[in-house]
Amino acid sequence: MIRTIEQLNAVKEKSAEVVSTRVNKIDRGYKDVLVCGGTGCTSSGSAKLIKILEDEIKKNGIEEKINIVKTGCFGLCVLGPIMMVYPEGTFYSKVEAGQIPQIVESHLKNGVPVKEFLYSETVNGDEIGTLDDTSFYKKQHRVALRNCGVINPEHIEEYIARDGYQAIYKVLTSMTPDDVIQTLLDSGLRGRGGGGFPTGLKWKFAKASVNEQKYVCCNADEGDPGAFMDRSVLEGDPHAVIEAMEIAGFAIGANQGYIYVRAEYPIAVERLEIAIKQAEEEGLLGDDIFGTGFSFHIGLRLGAGAFVCGEETALMTSIEGNRGEPRPRPPFPAVKGLFEKPTILNNVETYANVCQIILNGAQWFAGMGTEKSKGTKVFALGGKIRNTGLVEVPMGTTLREVIEEIGGGIPNGKKFKAAQTGGPSGGCIPPEHLDVPIDYDNLIFIGSMMGSGGLIVMDEDNCMVDIAKFFLDFTVDESCGKCTACRIGTKRLYEILTKITEGKGTLEDLDKLEELCYYIKENALCGLGQTAPNPVLSTLRYFRDEYIAHVVDKRCPAGVCKELLTIRILPEKCKGCSLCSRKCPVNAISGKIGSPYVVDHSKCLKCGVCMANCKFNAIVMD
Amino acid sequence: MVLEKSSVPFFGTAEQKKRLMAVISEHKDEKGALMPILQKAQDIYGYLPIEVQQIIADEMDIPLEKVYGVVTFYAQFSTHPKGRYRISVCLGTACYVKGSGDIFNRLVERLGINGGEITPDGKFSLDACRCIGACGLAPVMTINDDVYGRLTVDDVDRILDKYN
């Protein structure tokens, strides 16, 4: 049990020495082998690697010299499974089971890194660099992710070694609730779930509500497809969220918290369970924390796969055990939230910043970022990009830096077409806006939004009408059905988009689309409905020519929409044998023996019989 | 509508019922207990047929329509049984832009069932899911707890053959 700061510092000192091998690269006579145990690397087999690693280490008789640490996400998911060896800091990527014996014998036992298995960017002749030298990490600045890939999230001592639970001690012993709220206000921290509401202001409203029972909730229902920032924080540094929730509880006067986490994140759920239990055992969560009389408890609630539950009122309705439908606001949750009591709800990444702000001061945090968006933002980079993974950059970094420098650009020599931020609520950003500094206001200005941080890159092979349709398919599926604008409106949008992708659209449909979009935005009850038209509006705004191509020319420039593809005979390959013309069931192919044949598109059914029969591969569908 | 999909008659064992009753009495008095109870009930039975919903409604002393309303709201709850091999294809954005739609269509073609359905022999069930978070491996599908990443349409046949 930890009851005093002396006891906390004693644990810190002891474990700081343990983590110094990897944090400060101090050689203490043994090696730390860090293996990523996040979802990405686990999916590519890291759990099996740990087992083999243990066996090999035993076989070589060096158990005493090696400390295997299963960490959270390092960020560079595309290179998983990832393994790092400290104190050197060497970086093995895409590690295979068959490579382990050699790595153990040569590197762990004899101190000679196996160069050919290291991430190529870190090897320069005889020099071996570390992760920090790679272009992926150079421009990153880790605040919310500071412990991910560094500590073992299942050991509370390692979190304590990294200043863990110092912030709640500071708050409980030397600050008033108003001080805490003022610090957050001064820091400029805004909600990382997407809306960007000032966190301090939210807390201030909840504190002002008078009620003997209040609640602190954490939104870990990360539903944007392709976004996994919050999951990585929970998997890599769960205590940071727990400690921040305690601070929030002290600030607004609540003694009970709930974390609402996606059931699709089994590893995150397990780490949270372990973290809560360890914090309770150490007395750092529960009754009378640090003997100050302040008590705080946290309960876990699992989501059940409903995107709308990421909306604050829907999330609370779901915790109450109901269908997760949103409620009209006002009353706002700060007045009447969970179980009708004053409640604050913040996102995981928002909480992950709180302890650092308390410890380092508001000015430190406000020193990063742009005028109205302070601090850093974590993005999940995905889609057509070389370095798929998790990045944290100061606000104000440009999209170009994130995509081209950190992300390594588009693979296979393809051309960049758009970056999608904000998930189903966001929009597609075209190449001409790549140099816009990323912050909340700029992204809204160019027709997208920050969202929770999913950043999907698309290249010339992606059809923007198809992408808009993809997002509407998602929203139709996830609409809770409570309000008409969203339930019926999104369905109609989807139908018009389908019509267009099938080549049956008219120019009038484009106007109808736009009109309906604005109608839904104005009339939907919650954020899901109000933002559902954004993917359509932003693609209409920046990629109207693609819509026009579908509607007027009946053509899909990216070659994605099947109904718009046409059959062509390549004149340079056609020998004029007439076989296709004879096989065509609708007599759509004509020509003269010996010269190239042609397809009459008004008759062609695209059945493909001609293609199957052509002996010269002269017929293509594109 | 959803209930009609359940063509398999419900066979709950006494052992399962005992476990369910234990879960209910453990959570019954908590605030917002219905969701955790349903989640654990689905762990016990594999799905939530109307018979199980009825037991929960009776024991918690709430109307069956409330239980049914919650069950049918959330994608994770299923009112029909799943296959011995549960196939789930990620149709999240990162996977979709890398072609997971084609992977899903190939499975529909091969298995002869649509998303949310089960093959008549009870061997495979097919679902589309939204982002399992393994975006570095996109496009991704899972069969029970095994993850298959960086898929091409041709991989689908090879992988299915492993389970035949």
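Fair warning: this is a prediction, and the values are worked out from it, not measured in the lab.

Regarding the overall build of chain A
Scanning chain A for helices and strands turns up 25 helices and 19 strands. By the compact-globule yardstick of 25 Å for 622 residues, chain A fits well, its C-alpha radius of gyration being 28 Å. In terms of principal-axis extent, the alpha carbons of chain A reach across some 95 × 65 × 40 Å. For chain A, the residues scored as buried account for 54% of the 622 residues in total.

Looking at the pairing of strand β15 (residues 454-459) of chain A
Residues and elements named next belong to chain A. Burial within β15 is extensive, with 5 of its 6 residues counted as buried. Pairing of strand β11 (residues 376-383) with β15, which is carried by 4 bridges, proceeds in the parallel orientation. In the sheet register, alanine 380 faces β15, and the bridge partner there is glycine 454. Direction of pairing for strand β13 (residues 416-421) relative to β15: antiparallel, over a ladder of 5 bridges. Counted as the bridge partner of phenylalanine 416 is aspartate 459 from β15.

A closer look at helix α12 (residues 266-281) of chain A
All names here are of chain A. The end-to-end C-alpha distance of α12, which contains 16 residues, comes to 23 Å, matching closely the 22 Å that a straight helix rising 1.5 Å per residue would cover. Of all the positions in α12, only Ala268, Arg271, Leu272, Ala275, Ile276 and Ala279 are classed as buried. Take α12 and look down its axis: the buried residues cluster within an arc of 135°, on one side only. When the buried face of α12 is taken as reference, the exposed residues oriented beyond 90 degrees from it are Glu273 and Lys277. Check the buried side of α12 and you find it contacts α6 (156-161), α10 (229-236), α11 (238-252), β8 (256-261) and β9 (297-302). Backbone geometry just downstream of α12 places glycine 283 in the positive-phi region, at approximately 80°.

Focus on the interface of chain B and chain A
At the junction of the two partners, chain B supplies 30 residues and chain A supplies 38 residues. Residue assignment for the side of chain B that touches chain A shows that the elements contributing at least two residues are α2 (34-45), α4 (64-73) and α5 (93-96) of chain B. Split by residue class, the side of chain B that touches chain A holds 18 nonpolar, 9 polar and 3 charged.

Quick look at the sheet that holds strand β2 (residues 117-118) of chain B
Residue and element names in this part refer to chain B. Spatially, 5 strands are ordered β2-β3-β1-β4-β5 in an open sheet, and the strand pairing comes out mixed. Two strands bound the open sheet, and with one partner strand each, they are β2 and β5 (146-148). Bridging between strand β1 (residues 85-90) and strand β4 (residues 141-143) involves 3 bridges; their strand directions are antiparallel. Across the sheet, the residue bridging to valine 89 is methionine 141, located in β4. Strands β1, β3 (124-129) and β4 of the sheet are contacted by helix α6 (residues 100-111), whose axis makes an angle of about 150° with β1.

With respect to the packing of α11(A) against α12(A)
All names here are of chain A. One way to put it is that α11 packs onto α12 with a least axis distance of 9 Å and a crossing angle of 55°. When the axes of α11 and α12 are compared, the pair comes out oblique. In this structure, α11 crosses over α12, and the sense of that crossing is right-handed. Residues Pro238, His239 and Ile242 of α11 touch α12, and the partners they reach there are Arg271, Leu272, Ala275, Ile276 and Ala279. Its residues assigned to classes, the contact of α11 with α12 comprises 6 nonpolar, 1 polar and 1 charged.

Some remarks on the nonpolar core
All names here are of chain A. Of all hydrophobic cores here, the largest spans 220 residues; its most connected members are Val241 and Ile247. Among the elements that make up this core, the one with the highest residue count is α11 (10 residues). Grouped together as the second largest cluster of nonpolar side chains are 12 residues, Cys584, Ala588, Cys614 and Ala618 included.

Considering helix α1 (residues 5-23) of chain A
Residues and elements named next belong to chain A. The first and last C-alpha atoms of α1 sit only 23 Å apart over 19 residues, clearly below the 27 Å expected at 1.5 Å per residue. Along α1, the positions that sit buried rather than exposed are Leu8, Lys12, Ser15, Val19, Thr21 and Arg22. As for α1, its buried residues are in contact with β1 (31-36), β3 (83-86), α6 and α7 (166-174). Just downstream of α1, lysine 25 is the residue with a positive phi angle, here 55°.

Considerations on the domain arrangement of chain A
Residue and element names in this part refer to chain A. Domain parsing of chain A yields domain 1 (5-138), domain 2 (163-366), domain 3 (376-431 + 443-459), domain 4 (464-551) and domain 5 (566-621). Spacing between the C-alpha centres of domain 2 and domain 4 amounts to 34 Å. Listed by partner, the interface residues are 9 residues for domain 2 and 8 residues for domain 4. Split by residue class, the side of domain 2 that touches domain 4 holds 6 nonpolar, 1 polar and 2 charged.

Description of the packing of α7(A) against α11(A)
All names here are of chain A. At their nearest, the axes of α7 and α11 sit 9 Å apart, and the two run at 15° to each other. In terms of orientation, α7 and α11 fall into the roughly parallel class. Relative to α11, the crossing made by α7 is left-handed. In this structure, α7 contributes Ala167, Ile168, Val171 and Leu172 to the contact, and α11 contributes Glu243, Glu246, Ile247 and Phe250. In terms of residue class, the contact of α7 with α11 is made up of 6 nonpolar, no polar and 2 charged.

Considering the domain arrangement of chain B
Domains assigned within chain B are domain 1 (2-73) and domain 2 (85-162). A straight line from the C-alpha centre of domain 1 of chain B to that of domain 2 of chain B covers 28 Å.

Brief notes about unusual backbone geometry
All names here are of chain A. Geometrically, the link from tyrosine 86 to proline 87 is a cis peptide bond, its omega value of 15° lying close to zero. Within the element layout of this structure, proline 87 appears in the loop between β3 and β4 (90-92). Here the residue pair proline 330 and proline 331 is connected by a cis peptide bond, since its omega of 0° sits within 30 degrees of zero. One non-glycine residue, phenylalanine 339, lies in positive phi territory at about 50°. By the element assignment, phenylalanine 339 lies in the loop between α13 (312-319) and β10 (343-347). Of note in the backbone geometry, asparagine 617 takes a positive phi value of approximately 50° without being a glycine.

Reading the values: the criteria
- Residues numbered from 1 in each chain as written.
- Chains lettered and ligands numbered in written order.
- Predicted model: local features only at pLDDT ≥ 70, side-chain atom pairs only at ≥ 80, totals over all residues.
- Helix = DSSP H or I, 4+ residues; strand = E, 2+ residues; numbered from the N terminus.
- Rg over C-alpha atoms; globule rule 2.2 N^0.38 Å.
- Buried ≥ 20, exposed ≤ 12 C-beta atoms within 10 Å, placed from the backbone.
- Pairing = 2+ DSSP bridges.
- Expected span 1.5 Å × (residues − 1).
- Arc of directions from axis to C-beta.
- Contact = placed C-beta atoms within 7 Å.
- Nonpolar A, V, L, I, M, F, W, Y, C, P; charged D, E, K, R; others polar.
- Axes fitted to C-alpha atoms, helices over the stretch in contact; angles between N-to-C directions.
- Parallel < 35°, antiparallel > 145°, perpendicular 65-115°, else oblique.
- Left-handed = near helix turned anticlockwise from the far one by under 90°.
- Core = buried A, V, L, I, M, F, W, Y, C linked by C-beta atoms within 7 Å.
- Domains from an automatic or database assignment.

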